[in-house]
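Per-entry structural report
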Amino acid sequence: MLKKYIEIYRECIKISISTAMTYRFNFILDNFIMLVSNTLFPLVTLLIYGSGAEFPNWSLYEVLLIQAVFTMSTGVANIFFSGVLWATMRHIIEGSLEIALIKPVNCLFFLIASTVEFSSLSLFLGGGVMFAIALSHIGPVSILMVLQFLVLFMSGVCVMMGISLIMAATSFKWVGNSRLPEIFDSIKYFGRYPQNIFHKTISGFTSFIIPVAMIGYFPAAALLGEANGTAFIAILPCFVFTMGGIFLFRHMIRLYEGVGG
Amino acid sequence: MNFLVKKLKVIKAVALVTYKEWSAYRTHSMVSIFVGPVYFIVQYYIWTAVYSGKTSLNGMELSEMLTYFGITTLIGYITMDFADWNLQMLVRTGKFLTFALRPIHHRFFALSQKIGHRILGLFFEFIPCLFIFGFIFKINLSPANYGWTIISVVLAFLMNLYLNYTIGLTAFWLVQATGVRRVYLLLQSIFSGGLVPLVFFPKILQKLLLFLPFQYVSYVPAMVFIGRYTLAGVSIPIPQIVGLQAIAVVVTALISEIVYRSSMKRFTGVGA
């Protein structure tokens, strides 16, 4: 069973690469733009520090580390499961979800596998370069810190997965709304900055209700030696959030009614 | 005179149809009522933290900075445009042929569509967010001069259309023009002043931006609203910068027309 799913996933990746190669110039340009936009991502932070101002008690490279982790997490999410929203939305609009439903594999798995998108690879790589630069300017990092970082980073990726699935599930009812990602993007925006600049109510919301602080802030805090109990307690809502996304998507699939695509 | 009346009738007809068409998806526009204020809250905390212990940064006070972000958001709802996406989709799918056969210029059709679409934006994005920014966040939303601000926003509306339309025309050469669109949108988002006021950029870049069209989409109307314009250390009186904006719009429209005519020479269609 597992072997079958791995084989399907591998085929889907091959198809994704072949599709990208059909419009090679566009694919290369997309990746280039991702890379450039990625290097410009911390622009506001650079301009703030370039003006002689700062976030109180945060050095430039500490803030850049948060934003690098956020970028890497976004890159991973974009490659592996962000496409599920657009695929679901397209199927709902065209009434063709039955094509996915009649396949002898789990529908959610099929939608995720068939929407692997490599044009965001440069986003992850660019984030990685920014991460390395920021890390080289902060103090020594212990193995424990790295382990804490990996656990928190994976939790952040789970949050991104949960967000993608909740958006996809919402598209069953809110048909054809291409602005759905904007709602979650605006909430994710809180995760790009040090959480102590926000009001406690907001940082509580971003840590435990929709835990977007886990996408950038908490993993970076682990590498800075500032991961406190809050960061580890916030892991639990991250997994609840992800499971909630899976449950909601499967629930919407059960409610789906079609007449043959 | 008849020519003008005919044009106005076309604008009215197309704008009305577009308004009705998009009214079916009004919740699409109403997403902005959530997204705009959320982004503003983030900006509020970022800049409140950055200004702690400082009264002014690059000549802007905190209250001006918050007004700047509030007003650029609101202006964005008025000037928002996707003529580039629409045009490249028409070219790629071959549907442009049906427009090429019509007795009106497609750019004029796109302008009329945009007017209808943005009237919807006025009701479902601009006005609700205006109240939220004004009454909840207590942002000063009174322009320094109503007349110049309205003229500048109208010019920004046209500028955004002409720039986007010209980018959309690249589809006649590339077919799949999403890459070019993304490059342009990236440059525009940074250099129009939407992310941060342009006075925060390095001086050399500010000098370059003086000669690029991006500032006329967002930064110029926002500064006209605030009542003073400075870039690269150059302060320009409001009437003059609005005049420069008008000249930039005319030049962009001419460039757009040249590219349009060139693209029509490349265009071939079969079966309307």
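Residues numbered from 1 in each chain as written. Chains lettered and ligands numbered in written order. Predicted model: local features only at pLDDT ≥ 70, side-chain atom pairs only at ≥ 80, totals over all residues. Heavy atoms only, no water.

1. Section: the interface of chain B and chain A
Tallying the contact residues gives 37 residues for chain B and 37 residues for chain A. At the junction of chain B and chain A, the tally comes to 1 salt bridge. At the junction of chain B and chain A, the tally comes to 6 residue pairs in polar contact (both at pLDDT 80 or more). For the side of chain B that touches chain A, the secondary structure elements donating two or more residues are helix H2 (26-50) and helix H9 (178-191) of chain B. No other element matches H2 of chain B, which puts 17 residues into the side of chain B that touches chain A. (Contact = heavy atoms within 4.5 Å. Salt bridge = Lys/Arg side-chain N within 4 Å of Asp/Glu carboxyl O. Polar contact = N/O pair within 3.5 Å; in protein donor to acceptor, adjacent residues only side chain to side chain. Helix = DSSP H or I, 4+ residues; strand = E, 2+ residues; numbered from the N terminus.)

2. Brief notes about the confidence of the model for chain A
Looking at chain A, pLDDT values average 88 and 98% of them are 70 or higher. The spread of mean pLDDT over the elements of chain A runs between helix H2 (residues 24-40) of chain A, the lowest at 73, and helix H12 (residues 217-223) of chain A, the highest at 95. (pLDDT = per-residue confidence, 0-100.)

3. Overview of the packing of helix H7 (residues 146-169) of chain B against H9 of chain B
Angle between the axes and distance between the axes are the two parameters that describe a pair of packed helices. All names here are of chain B. Where H7 meets H9, the axes come as close as 10 Å, and the angle between the chain directions of the two elements is 150°. As judged from the angle between their axes, H7 and H9 are roughly antiparallel. Residues Asn160, Leu163, Asn164 and Ile167 of H7 lie in contact with H9, whose contacting residues are Val180, Arg181, Tyr184 and Gln188. For the contact of H7 with H9, the residue count by class is 4 nonpolar, 3 polar and 1 charged. (Axes fitted to C-alpha atoms, helices over the stretch in contact; angles between N-to-C directions. Parallel < 35°, antiparallel > 145°, perpendicular 65-115°, else oblique. Nonpolar A, V, L, I, M, F, W, Y, C, P; charged D, E, K, R; others polar.)

4. Remarks on unusual backbone geometry
Residues and elements named next belong to chain A. Backbone geometry places Asn57, a non-glycine residue, at a positive phi of 70°. Looking at where Asn57 falls in the secondary structure, it is placed in the loop between helix H3 (43-50) and helix H4 (60-80). A residue is classified by how much of its surface remains accessible, and Asn57, at 73% relative accessible area, is exposed. (Buried < 20%, exposed > 50% of the residue type's maximum accessible area, 1.4 Å probe, protein only.)

5. With respect to the environment of Ser120 of chain A
Relative to the elements of secondary structure, Ser120 of chain A occurs in the loop between helix H7 (107-113) and helix H8 (121-136). Considering only alpha carbons, one finds Ser120 of chain A and Gly162 of chain A, 42 residues apart in sequence, at a separation of 19 Å.

6. Points about the packing of aromatic side chains
By convention here, two paired aromatic rings are described through the distance between centres and the angle between planes. All names here are of chain B. Evaluated as defined, the whole model comprises 36 aromatic pairs over all chains. With a centroid separation of 5.0 Å and 40° between ring planes, the pair formed by Phe40 and Phe133 is classed as tilted. Residue Phe40 is found in helix H2, and its partner Phe133 is found in helix H6 (residues 106-136); the two are separated by 93 residues along the sequence. Given the relative accessible area of 2%, Phe40 is considered buried. You can call Phe133 buried: its relative accessible area is 0%. The rings of Trp47, Tyr51, Tyr68, Phe69, Phe200, Tyr219 and Tyr229 are connected pair by pair, giving a single aromatic cluster. (Phe/Tyr/Trp six-rings, centres within 6.5 Å; stacked < 30°, edge-to-face > 60°.)

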